[in-house]
Amino acid sequence: MGKSYKKNEIRDAGKGVRYEVIPFKSKKDIEKVKQYLMGKQDKRDFALFVVGINVGLRTQDLVALKISSVSKSRNSIERVVQVIEHKTGKIRSFELNDVATAALRLYLNSLSEYEPNGWLFPSRKSNVGEGHLTVEAVRRIIKDTCRELHIEGNFGAHSLRKTFGYWVYISGVQKNPLILVTLQRMFNHSSQTTTMRYIGIESSEISNIYRNLNI
């Protein structure tokens, strides 16, 4: 039996090396991905990416959203959404920001039919209404997009959640020194060190934060 590896890692079977899946640390790359996915006729992947990096759900919880989870009618988006986390069984509430709301509204308005009980991110390989995207399918979408755009790095499905965590930390740590504690709780990590490693914060980035803090 082969060695197991974490879901947020990519394993090079030929070399027996594990590579940590990373967040999108470049806003330029994030915009490139958005524009590329926006250019597709089907807006599903665009909405998936934008919502994923703005709410920080685990991928298995993100793909399991129903249309009714985020919308009560084609032209309305719920600001506060509740999900039951697959891993913990706990109810989690989160708020959709303006960017995520706009992406969802665009996506829902592009659908030929509005089915409240349908999956928000359905699989195109299943019969209508039968299945949603899998984590593996999301991984392929992200990797294929990055390959097409020549964005180098070990990106995958879990890059969405990690990107959320990375930018929450980078954007908020100077104003709120306790932001890391908040992220640790959100990600249900045992330590802040685990959270820092998970969201890909390096020592050089910590140094830049201190250098830019002049109070």
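Above this note sits the structure.
Residues numbered from 1 in each chain as written. Predicted model: local features only at pLDDT ≥ 70, side-chain atom pairs only at ≥ 80, totals over all residues. Heavy atoms only, no water.

Peer 1: How would you sum up unusual backbone geometry? Please name residues and give values.
Peer 2: A positive phi angle, close to 60°, is found at histidine 150, a residue other than glycine. Even without being a glycine, asparagine 188 presents a positive backbone phi close to 60°. For asparagine 188, a relative accessible area of 48% puts it in the partly exposed group. (Buried < 20%, exposed > 50% of the residue type's maximum accessible area, 1.4 Å probe, protein only.)

Peer 1: If you had to explain the pairing of strand 4 (residues 91-95) to someone new, which residues and values would you point to?
Peer 2: Residues Arg92 and Phe94 of strand 4 are buried on one face, while the alternating residues Ile91, Ser93 and Glu95, pointing to the opposite face, are not. Of the strand pairs in this sheet, strand 3 (residues 80-84) and strand 4 are connected by 5 bridges, and their pairing is antiparallel. Following the sheet pairing, glutamine 82 is matched in strand 4 by serine 93. Between strand 3 and strand 4, which pair antiparallel and follow one another directly, the connecting turn spans 6 residues, one of which, glycine 89, has a positive phi of 75°. (Helix = DSSP H or I, 4+ residues; strand = E, 2+ residues; numbered from the N terminus. Pairing = 2+ DSSP bridges.)

Peer 1: An account of the environment of valine 51 is needed here, citing residue identities and associated values.
Peer 2: Position of valine 51 among the secondary structure elements: in helix 2 (residues 44-55). Considered as a pair, valine 51 and leucine 160 are 109 residues apart in the sequence and their alpha carbons are 8.7 Å apart. If near-sequence neighbours (up to four positions away) are discounted, valine 51 is found in contact with Leu62, Ala100 and Leu104. (Contact = heavy atoms within 4.5 Å.)

Peer 1: Pulling in residues and values, what's your account of helix 5 (residues 98-110)?
Peer 2: Relative to the 18 Å expected for 13 residues at 1.5 Å per residue, helix 5 spans 18 Å between its end C-alpha atoms, a close match to the ideal helical length. Within helix 5, the full set of buried residues consists of Ala100, Thr101, Ala103, Leu104, Tyr107 and Leu108. Down the axis of helix 5, the buried side of the element spans an arc of 165°, and every buried residue falls inside it. Among the structural elements, helix 2 and helix 4 (67-70) are those in contact with the buried residues of helix 5. Among the residues of helix 5, the N-terminal cap falls to asparagine 97, whose side-chain oxygen and the backbone nitrogen of valine 99 are separated by 3.3 Å. (Expected span 1.5 Å × (residues − 1). Arc of directions from axis to C-beta. Polar contact = N/O pair within 3.5 Å; in protein donor to acceptor, adjacent residues only side chain to side chain.)

Peer 1: Account for the side chain of lysine 43, naming residues and giving values.
Peer 2: Relative to the helices and strands, lysine 43 is located in the loop between helix 1 (27-38) and helix 2. Within the buried set, lysine 43 has no salt-bridge partner at all; the shortest N-O distance to an opposite charge, 8.3 Å, is to aspartate 42. From its side chain, lysine 43 meets the backbone oxygen of lysine 40 in a polar contact 2.8 Å long. In this view, lysine 43 contacts Met38, Tyr107 and Ser110; residues no more than four positions away in its chain are not counted. (Lys, Arg positive; Asp, Glu negative; His and termini not counted. Salt bridge = Lys/Arg side-chain N within 4 Å of Asp/Glu carboxyl O.)

Peer 1: Residue-level account of helix 6 (residues 135-149), with values.
Peer 2: In this model helix 6 runs 21 Å from its N-terminal to its C-terminal C-alpha over 15 residues, within 8% of the 21 Å that 1.5 Å per residue would give. Of the residues making up helix 6, those classed as buried are Ala137, Val138, Ile141, Ile142, Thr145, Cys146 and Leu149. All buried residues of helix 6 lie within an arc of 165° about the axis, which places them on one face of the element. Residues of helix 6 that are buried in the fold lie against helix 1, helix 2, helix 3 (59-62) and helix 7 (159-172). Note on helix 6: the residue one or two positions beyond its end, histidine 150, has a positive phi of about 60°.

Peer 1: Give a description of the nonpolar core that names residues and reports values.
Peer 2: By size, the foremost hydrophobic cluster in this structure holds 56 residues, and its most contacted members are Phe49, Leu96, Leu120 and Tyr169. Counting residues per element, this core draws most heavily on helix 2, at 8 residues. (Core = buried A, V, L, I, M, F, W, Y, C linked by side-chain atoms within 4.5 Å.)

Peer 1: Go over the pattern of salt bridges, please, and point to the residues and values.
Peer 2: Summed over all chains, the structure comprises 9 salt bridges. Two residues, aspartate 42 and arginine 124, come together in a salt bridge whose shortest N-O distance is 2.7 Å. One end of the pair, aspartate 42, is in the loop between helix 1 and helix 2; the other, arginine 124, is in the loop between helix 5 and helix 6, with 82 residues separating them in the sequence. Among the ionic contacts, a cluster of salt bridges with common partners joins Glu136, Arg139 and Arg140.

Peer 1: Which residues make up the packing of helix 1 against helix 6, and what values go with them?
Peer 2: One way to put it is that helix 1 packs onto helix 6 with a least axis distance of 10 Å and a crossing angle of 105°. When the axis of helix 1 is compared with that of helix 6, the two are roughly perpendicular. Across from Lys32, Val33, Tyr36 and Leu37 in helix 1, the residues of helix 6 making contact are Thr145, Glu148 and Leu149. For the contact of helix 1 with helix 6, the class distribution of residues is 4 nonpolar, 1 polar and 2 charged. (Axes fitted to C-alpha atoms, helices over the stretch in contact; angles between N-to-C directions. Parallel < 35°, antiparallel > 145°, perpendicular 65-115°, else oblique. Nonpolar A, V, L, I, M, F, W, Y, C, P; charged D, E, K, R; others polar.)

Peer 1: Report on the environment of lysine 162, specifying residues and quantitative values.
Peer 2: For lysine 162, the location among the structural elements is in helix 7. In sequence terms lysine 162 and threonine 195 are 33 residues apart; their C-alpha atoms lie 9.6 Å from each other. There is a polar contact of 2.7 Å between the side chain of lysine 162 and the backbone oxygen of valine 21.

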